Structure formats: C-alpha cells, structure tokens
Amino acid sequence: MRHIIDQIRTAAEARRPLDIRGGGSKAGILGRAATGEALDITGHRGIVTYRPSELVLTARAGTPLTEIEAALAENDQALSFEPPHFGTGATLGGTLACNLSGPARPWGGSFRDMVLGVRLINGKGEYLRFGGQVMKNVAGYDLSRLQAGALGTLGVVGEISLKVLPAPRSTLTLTEAVDQAGAIRRMNELAGRPVPLSAAAWVDGRLYLRFSGPVPAELAGGKVLDGSDAFWADLREQRLAFFAGDEPLWRLSVASTAPPLLNGAATLIDWGGSQRWIRGGDLATMAAAASAAGGHATLFKGGDRTAEVRQSPPPALAALHQRLKASFDPAGIFNPGRLYGWM
Amino acid sequence: MAPASAIDRGRLAEELRRIVDPRFVIADAETAKPYECDGLAIISQQPMMVVLPGTVDEVRAVVRLCHRHGVKLVARGAGTGLSAGATPHPEGVLLSLARLDRVLELDKAARTARVQPGVTNLAISQAAKPLGLYYGPDPSSQIACTIGGNVAENSGGVHCLKYGLTVHNVMAVELVTVDGELVSLGGLGLDSAGYDMMALITGSEGLLGIVVEATVKLLPLPEVAQVVVAGYATLRQAGDAVQQIIAEGIIPAGLEMMDGPAIRAAEAFAQAGYPTEAAALLLCEVDGSREEVADQLARVEAVMGRTAPISLRVSRNEAERQLLWKGRKSAFPAVGRISPDYYCMDGTIPRAELSNVLEHIAALSEEYGLAVANVFHAGDGNLHPLILFDAGVPGQIEKTEEFGGRILELCVEAGGCITGEHGVGLEKIRQMAAQFGDDEITQFHAVKAAFDPAGTLNPGKGVPLLRQCQEYRALRGGGF
Ligand SMILES: Cc1cc2nc3c(=O)[nH]c(=O)nc-3n(C[C@H](O)[C@H](O)[C@H](O)COP(=O)(O)OP(=O)(O)OC[C@H]3O[C@@H](n4cnc5c(N)ncnc54)[C@H](O)[C@@H]3O)c2cc1C
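Residues numbered from 1 in each chain as written. Chains lettered and ligands numbered in written order. Predicted model: local features only at pLDDT ≥ 70, side-chain atom pairs only at ≥ 80, totals over all residues. Heavy atoms only, no water.

S.K.: I'd like to hear about the overall build of chain A, residue by residue, with values.
M.R.: On a plain count of helices and strands, chain A comes out with 9 helices and 17 strands. Computed over C-alpha atoms, the radius of gyration of chain A comes to 20 Å, within 12% of the 20 Å expected from 2.2 N^0.38 for 343 residues, which places it in the range of a compact globule. Based on the C-alpha atoms only, the size of chain A along its principal axes is roughly 65 × 50 × 35 Å. Considering chain A as a whole, with its 343 residues, one finds that 62% of them fall into the buried category. (Helix = DSSP H or I, 4+ residues; strand = E, 2+ residues; numbered from the N terminus. Rg over C-alpha atoms; globule rule 2.2 N^0.38 Å. Buried < 20%, exposed > 50% of the residue type's maximum accessible area, 1.4 Å probe, protein only.)

S.K.: How would you sum up the interface of chain B and chain A? Please name residues and give values.
M.R.: With 81 residues of chain B in contact, the opposing surface of chain A contributes 68 residues. Summed over both partners, the interface of chain B with chain A buries about 6000 Å², with 59% contributed by carbon and sulfur atoms. Together, L190, Y195 and Q443 of chain B form the three largest contributors to the area buried by chain B at its contact with chain A, with a combined 14%. Where chain B packs against chain A, one counts 4 salt bridges. For D295 of chain B, the salt bridge identified is with R169 of chain A, shortest N-O distance 2.7 Å. Tallying contributions element by element places helix α17 (residues 438–451) of chain B first for the side of chain B that touches chain A, with 10 residues. When the residues that make up the side of chain B that touches chain A are grouped by side-chain class, the tally is 38 nonpolar, 26 polar and 17 charged. (Contact = heavy atoms within 4.5 Å. Buried area = accessible area lost by both parts, 1.4 Å probe. Salt bridge = Lys/Arg side-chain N within 4 Å of Asp/Glu carboxyl O. Nonpolar A, V, L, I, M, F, W, Y, C, P; charged D, E, K, R; others polar.)

S.K.: Provide a residue-level description of the packing of helix α9 (residues 235–247) of chain B against helix α14 (residues 354–368) of chain B, including the pertinent values.
M.R.: All names here are of chain B. At a minimum axis separation of 9 Å, α9 and α14 run at an interaxial angle of 150 degrees. The orientation of α9 relative to α14 falls into the category roughly antiparallel. Here α9 and α14 pass one another in a crossing that is right-handed. On α14, the residues that touch L235, R236 and G239 of α9 are L354, S355, N356, L358 and E359. Here the contact of α9 with α14 is built from residues that sort into 3 nonpolar, 3 polar and 2 charged. (Axes fitted to C-alpha atoms, helices over the stretch in contact; angles between N-to-C directions. Parallel < 35°, antiparallel > 145°, perpendicular 65-115°, else oblique. Left-handed = near helix turned anticlockwise from the far one by under 90°.)

S.K.: An account of the site of the ligand is needed here, citing residue identities and associated values.
M.R.: Residue and element names in this part refer to chain B. Within the structure, the ligand sits among 33 residues, and A75, G77, T80, S141 and T146 are positioned closest to it. A distance of 2.6 Å separates an oxygen atom of the ligand from a polar atom in the backbone of A75. Backbone polar atom of G149 to an oxygen atom of the ligand: 3.4 Å apart, as the coordinates give it. Within the complex, the protein chains bury 95% of what would otherwise be the 970 Å² of accessible surface of the ligand. Only β3 (72–76), α5 (147–153) and β10 (210–217) provide two or more residues apiece to the shell around the ligand. (Near = heavy atom within 4 Å. Polar contact = N/O pair within 3.5 Å; in protein donor to acceptor, adjacent residues only side chain to side chain. Areas by Shrake-Rupley, 256 points an atom, 1.4 Å probe, with all protein chains shown as cover.)

S.K.: Can you lay out helix α3 (residues 56–68) of chain B for me, pointing to particular residues and giving the numbers?
M.R.: Residue and element names in this part refer to chain B. Over its 13 residues, α3 extends 18 Å from the first C-alpha to the last, a length consistent with the 18 Å expected when each residue adds 1.5 Å. Those residues of α3 that sit buried are E58, V59, R60, V62, V63, L65 and C66. Among the residues trailing α3, G70 stands out with phi positive, at a value near 65 degrees. (Expected span 1.5 Å × (residues − 1).)

S.K.: If you had to explain the sheet that holds strand β18 (residues 382–389) of chain B to someone new, which residues and values would you point to?
M.R.: Residue and element names in this part refer to chain B. The 7 strands lie next to each other as β15-β12-β14-β13-β17-β18-β16, forming an open sheet whose pairing is antiparallel. In the strand order of this sheet, the two ends are held by β15 (311–314) and β16 (341–344), each with one partner. Shown here is a sheet whose adjacent strand axes are inclined to one another by a mean of 15 degrees, direction ignored. The pairing of β16 with β18 spans 4 bridges and is antiparallel. From the neighbouring strand, D341 faces β18, where its bridge partner is F389. (Pairing = 2+ DSSP bridges.)

S.K.: Lay out the pairing of strand β14 (residues 280–288) of chain B in plain terms, naming residues and giving numbers.
M.R.: All names here are of chain B. Summarising burial for β14: 9 of the 9 residues are buried, a large majority. Of the two faces of β14, the one holding A280, L282, C284, V286 and G288 and the one holding L281, L283, E285 and D287 are both buried throughout. Two strands pair when backbone bridges link them, and strand β13 (residues 254–259) and β14 are joined in this way by 6 bridges, in the antiparallel orientation. By the bridge assignment, D259 is partnered in β14 with A280.

S.K.: I'd like to hear about the sheet that holds strand β4 (residues 92–96) of chain B, residue by residue, with values.
M.R.: All names here are of chain B. Spatially, β1-β2-β4-β3 is the arrangement adopted by the 4 strands of the open sheet, whose pairing is mixed. Strand pairing shows two members of the sheet lacking a second neighbour, β1 (25–26) and β3, which therefore form its edges. Across 3 bridges, strand β2 (residues 49–51) lies against β4 in parallel orientation. Among the inter-strand pairings, V50 is bridged to a residue of β4, identified as L94. Strands in contact with helix α1 (residues 9–19) are β1, β2 and β4; relative to β2, the strand with the most contacts, it is inclined by about 5 degrees. This element, α3, spans β2, β3 and β4 of the sheet and lies at about 170 degrees to β4.

S.K.: Please set out empty space enclosed by the protein residue by residue, giving values where relevant.
M.R.: Residues and elements named next belong to chain A. With the rule as written, the count across this model stands at 5 cavities of 30 Å³ or more. Computed from the structure, the largest cavity encloses a volume of approximately 210 Å³. Together, 22 residues line the largest cavity, and G131, N137, V138, D142 and R145 are the ones closest to its centre. Elements with a contribution of two residues or more to the lining of the largest cavity: β6 (115–121) and β7 (127–131). (1 Å grid on protein atoms, 1.4 Å probe; cavity = no way out; pocket = protein on both sides within 12 Å on 5 of 7 lines; lining within 4 Å. Points joined across faces, edges and corners; volume = space filled by probe spheres on them.)

S.K.: Break down the domain arrangement of chain A for me, with residues and values.
M.R.: All names here are of chain A. Its domain assignment divides chain A into domain 1 (2–167), domain 2 (170–240) and domain 3 (245–331). Centre-to-centre, using C-alpha coordinates, domain 1 lies 22 Å away from domain 3. Taken residue by residue, the interface counts 26 residues in domain 1 and 19 residues in domain 3. Buried surface at the junction of domain 1 and domain 3, summed over both partners, amounts to about 1800 Å²; 63% is from carbon and sulfur atoms. Summed over the shared surface of domain 1 and domain 3, the number is 0 salt bridges. Taken together, domain 1 and domain 3 are joined by 9 residue pairs in polar contact (both at pLDDT 80 or more). The element best represented in the side of domain 1 that touches domain 3 is helix α4 (residues 105–108), accounting for 3 residues. (Domains from an automatic or database assignment.)

S.K.: An account of the packing of aromatic side chains is requested, with residue identities and associated values reported.
M.R.: Residues and elements named next belong to chain A. The final tally for this structure, using the stated rule, is 14 aromatic pairs over all chains. The interplanar angle of 20 degrees and the centroid separation of 4.0 Å between the aromatic rings of Y208 and F231 together place this pair among those described as stacked. Here Y208, found in strand β12 (residues 206–211), pairs with F231, found in helix α7 (residues 228–236); they are 23 residues apart in sequence, far enough to count as distant. Take F231: its relative accessible area is 11%, and that puts it in the buried class. (Phe/Tyr/Trp six-rings, centres within 6.5 Å; stacked < 30°, edge-to-face > 60°.)

S.K.: Break down unusual backbone geometry for me, citing the residues and quoting the values.
M.R.: Peptide bonds are mostly trans, and most non-glycine residues show a negative phi. For N335 of chain A, which is not glycine, the phi dihedral falls at a positive 40 degrees. Within the secondary structure, N335 of chain A is located in the segment after α9 (315–328). With a phi close to 60 degrees, R111 of chain B is a non-glycine residue in the positive phi region. Topologically, R111 of chain B is positioned in the loop between β5 (103–107) and β6 (112–115). Residue R111 of chain B is classed as buried on the basis of its relative accessible area, which comes to 13%.

S.K.: Summarise the packing of α14 of chain B against helix α15 (residues 396–413) of chain B; cite the residues concerned and give the values.
M.R.: Residue and element names in this part refer to chain B. Contact geometry for α14 and α15: axes closest at 11 Å, N-to-C directions at 160 degrees. As summarised for this structure, α14 and α15 are arranged roughly antiparallel, according to the angle between their axes. Of the two elements, α14 crosses α15, and the hand of that crossing is right-handed. In contact with V357, H360, I361, L364, S365, E367 and Y368 of α14, α15 contributes K399, E402, F403, R406, I407 and L410. In the contact of α14 with α15, the residues fall into 7 nonpolar, 2 polar and 4 charged.

This is the structure:
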C-alpha cells in the first residue's frame, strides 16, 4: 500500500492524472478512454478474513475473483450477484468499480448491495476506512457503496468487505419460445408472485426462467433446459452469439416493465426485464429511449470511447457530481474523464 | 459561511406564512411543544419555529427562504427516531414533512410504489396489499415512522436479514437540495447513472437534502410464513443456534433474539405465550411458497432440535404467527411499562461475539446498577440493549448515557459499529470518534460541504467536529 499512497501523493502535488488498473479484464468497456500514469493495484491481493458463519468476506482489491469464488465454494457459499469476469484477470476491486452483476441481480442483489465496507485512498493520499465487517452500519455517510460503479474516480479502493450468501442448492431452468413483448410480460408477472425465481432472460426469441427452489406447479410441465449452468454463464460472460462482433453494445438499465425499446433493434433482455442489451445506435437515441423507460443508457463496449459513453445528468445533478468528486479528489487525479468527459 | 440568521423571527414567520397556509406555521412555544424531541425524549430542544408545507413547491420555497437568510433547517418525519436526529435547532426552522402523506402511484406489474415522504412505512404495505405486494423493511415503529425518515436513517426491521435494509429497497428519490433545487436520484432500473447517489442519501440523516418523494420496490407477499420460537436455558445456547442455522445454509426471513428480562416484559405486554422461565428466546421465520416453507421449516426444526431448547413452538396459522411476533415487535413499549424510562442502544457486532458482548454488558449493568433488557436482530448482529432507568432520580440520566456510551465502545472493540439502524443524530455524535479517525471525519465534512457548504441542513448532527473528536479521545486517555 505504501508505494501506492506515495504515488498518489506525488501525482496530487503535480496534478498529474492516474490511470488505476486492476487485472485489465474490463479495459475498454464501460468507461471512456482516459489517459494517465498507470497505477497498478494487482499486487495488492489476497483474502484478509473470511468467516463463513458471519457471511462476511474481506479481501484486498487486487484479489482475483476466481480466488474468492473458490474460497466461497469450499463452504457452499457464493457471491449472490454472480459477477461476470470477462476474462481471466478479473479482480474484486475492478468488479466493484464497475458494479458488475450477473443474471441473479434482481433477486440476489448487486455488488453495491453486498458491500459492507471499504478501505479507500482518497486524492490526498489518506488511507480511509468506511463501513465495516458487520451486516448493518449507519454511522457516517455510506461512502462504501458509493464506490460501486464510480469507476475508480473517487479513490483507490484497497480493501473490500462484503456480504456473502449460501450457494443455491439446486436450480432448474425452463425455456419457451415467445416474442419480446410476451417475454417482458411473463417475466414481470412471475416476479410479482412468491416463486423462487432467480434469473429471467430473453434471448433469440426464447424466454429462460431459472428457479432456485421448487418450480410452481403450473409450470412443472415446461421444457427443461439441459446444461443450464453453461447457458447462464455464457449469458453472464457475454459469450452468446448476440454479443459477438464489433458493433457498439449498449446497456439500457430501465424499468423491468418497459415495452420493447427502439422498435426492431437487436435486443437481449436480462435481469427480468431491467437490463436491455442493444446493438448499434448512438448516445442520443439510446439516452432518449432509456430515459423514457425510467432509466439510463451506457455504451458498454465498442463504439467511440473518446466521446461521452453514458448520458449526462441534468445540470443540478451534474454539479453535485462534480462537487462530490472534488470532495474526494481535489486535484482531479483519479481516472479523470473515465465516467464523463466533463469530470 | 452564511451569516447567522440575518432575519428576525417575526419577519421569518411572516414570510413563511406567505408560502405555507398560515395554520401550518407554528411560532408559539405551546403549539410547538410536541416537536421538541424525537423518540429519544431525554434530548429535547424548543424549535424557533415549525412549518408544515403541503406541497413539494412549498418545501422548495421554504428551503430557499431559509437558505437565503442563513436560517438552519431540520427535517422531521414522524419523530420516532431514536438518536435525536430530528431534534430542533434553537435558532432554526423545523420542517415537518407530515402533511405530504399520499401514496401517489402503485404499479402492480413493475412492483413499485411512488409515495410522498410523510407516508408511513406501514401505509405503503397496506396500500400494496390488494395487489399481492408489500414493502420489505419493517421497523417495529412502522405504524408511525415515515418513509422519509426511513430513507434518512436507512432503517431496518425484523425481516431485513432476507429482504434487505431501506438502501436495498428504495429505487429513486426526489431530493430538494439546500438551495431549493429539485434533483431526481436513482431511477426505475436497478442501478443509477453516474454516482450512486441513492447509497449516499440513504442514511444521511437529513444532512444532505430533503427527501420529498420516494419510489420503493415492492415484494410479492409470500404464500405462507411460519415462525419457529425456541426458548433456551442460556444466552450462549441461543447464540450457538443462530450460528448453526446460518451454517446450515438457511437465510431465514427473520432471526430475532430476546433475553430473559425482555421475554418477561414482552410476555406481560402481549401474552404471546413465550416461555418466561427461559434465559433466551429465538424467533426464526421462514417464508415463500408452500413447498419452500415446508422444506426450510423441516431444516430449521432439525437444527433447532439439536441445540437443546427448553421449548420449541411452530406457528400453525397466521393468527398465531402474528401473536408470536407481537411480543417481539412490542418489546420496546413492553419494557417501557416495567420501568419509568428506558434507553435503547443500537450497536452491531459480528454474530460470533454475541455471547461475549452480552456478558460484558451484564457486567457493566452491575457496575452502573442499572438493569438491561436485550432485544437483538440476531441474524444481522444488531443489538438493542435497553437500559432501564428513572429520569426522576437525580443523576440517573447522566449515568445511563455514560453506560450507553460504554456499550457502543464495546461494540466497536468487538469489531462492530456504534449504530446499526438508528443513526448517529445528536446522541452518538461523541462516539463517532471511537469508530472513525480524523481523516474519515474530514472526508465526511467534505462530502457534506459538496451538498450543503453553509451547513444549513440539520446542523450539529451526524458528524462531529474534529475538536469534539479530540476532546473525546483526550477524555478516554487516547485509547482510540
Ligand atoms: C418503538 C420504536 C421502535 C423502533 N424500531 C425500529 C426498528 O425496528 N428499526 C429501525 O431501523 N428503527 C426503529 N426505530 C427508529 C425510528 O422509527 C426510525 O429511525 C424511523 O426511520 C424514523 O422515521 P421518522 O419518520 O419518525 O423520522 P424522524 O424521527 O422524524 O427523523 C429521523 C431523521 O430523518 C430526518 N428526516 C426525516 N424526514 C426526512 C425527509 N423527508 N428528508 C430528509 N430527512 C428527513 C430527520 O431530520 C432526522 O434526522 C424505532 C423507534 C421506536 C420509537
């Protein structure tokens, strides 16, 4: 940690931008292209404490996700948000910075939801500790969860404590052919009933419903998907055919009930309707569609990453973003321009 | 810094009456009396003025007016808070959101409710019930507390182990900032664009802005719920049972514990049929579809059967389940009946430390000569020791507060924190220095300044001044 803190202090004095790097598995996705002196955190790794009976794990930010998942699996536990890895190098810190969650998200929560505490180096080079290793903690502002999705623009996360949960005992996936509008209706209707649904996606004209517990009686006759774990993993890791190729990949985070967006656009639906993947198009079009559907759009992969890759908030909220950023990073050295060009 | 109030009282009242129906601008001491304190009555303060706006536009205009004249502002929901978070400022305006109490929209398909801040927690679930839905977090004060207060405190409840805290169940808020701007945070999707302002606002104790609307997630009402109630001869046994249930891979909908004094007080109050001879009582609820519940119940009963309870009872119907919970949910008022006053603490600890911490609290109870009843969100490790005292006996309030402070420090030493769900407010402001160093406190102030540079909103709460931290540490001999 010492050398990382030194590097930050020096950079802050010189007001020289830093480019915080984990395993590099998410380079070129989610954020804008931004330049700066490399700050490598992958050396800061390892599980610090893991007490299965407390459902809490604390690990350094550079710890590979694979290492964490292996330790959890030995105790029949798991990360309930099923984070995608996007390659072999995925670290815990990078996953938090991107707030990445897989198909279980609507039921298993997000990474943000599971964060209990972080250790964070701010732009003054102070090593701070927020939150803790217990399930509930409302002392001070919640500056731990705030790091989720901030793309490292508020500080360098050194250590993360998170809530872990028992691994699902068994799952069963049903699949049926249905059009997009029908799939959205079905997903929402099922999610409104007390059934152990744990994933719902629509891919290539087919609806996929995963249950982590007894399947409701009236669905018991449905078509069971063989090799369902591979299917969900391929969806999570974006290995399905839909994700292939260089066309811009947009992520629209919207109301689960939003009707099919952008008539005719190539679409894949995950998160029970709340996450829509769309190929092609530009920011203005995507932002308009996402806003109308109660959410927001991000250019997840591909496209022009030197332009804005996500819609900017209205002026009053944008000003709050800038002031909040400055409160952590007064010299503006952490990943400047990564989240928004203006910040 | 804004100038200390550059407007006199009469003028301010006059201007407020131009914004809000004059009946809802309270400037006389007698009518303002009920606003002197929140649920922590040992801390009270006469407000300079109370105003109850009837619309969001009125809230904005009041905030703008106060900001312009450097008048301090304290938001208030139902005043059930237990950390003196809504205590008025002597030279400030108390802004009650109680009149903004409408459920604006229920969306069955999307499972959301859009509500005004003064709607009570329970009213949301009641409104959603005909749709087969409910709002998850269920603080024991849910009949009275408001969603605005819940967001400000990140409140929890007995069902938060499985369904999450307020921060996991509120999707969006409309926030009036200190300069009267209205900003929309969060959205109808499952994450925010940009920074996660929802995480920051939730639990911010009215220091960063005024919540004037919330969109909350609704959950499907479970097909069935059943509660298992087990009595134990020792607290340690009950603590072990909690660990074993979790180790079995079960996340119950609720997992609550009470100690002997709490059991007896609750039983006298609610006649729930609790075993009054027990030293500890565990309530473990499972819910879901019939099949799920049958499966989980069998596992819970098997685990509990192995932990040598002195009594074991499973609710057979909804009425019995409600009755068994009634004892737990009314534990605070029940204790209120056996003692002239009680003081509720709110630390969180790692579950494994439970027995040690409770033993330590028992020793402190002897030392201070004040009895304690313990109520405990066992699944989450959130303790509520209730210190019994008599405010009528000179010196007892001070002694109680000191004892309470020691309990909070004990929680920090055990690897936990000073507040799990009630907030810091004025009450725990000193102990913030036990949990955080000066650098963290400075960062908190910087965040506050990003939202409210002049310190207009809820001044003196939540985050101590560095000077207060230093005094605190000096007093403890630099132990922290
Ligand atoms: C008997 C009893 C049982 C309780 N049980 C629980 C429990 O199980 N779990 C739990 O978590 N808490 C519990 N509490 C504590 C309390 O009910 C919660 O903290 C509740 O959320 C407070 O809501 P309120 O509307 O009463 O807020 P108030 O007490 O009026 O205010 C609390 C804080 O929120 C701020 N605030 C209020 N409204 C707004 C707004 N619209 N915008 C911005 N800031 C606002 C205030 O400034 C203050 O800082 C209990 C209290 C009692 C008396």
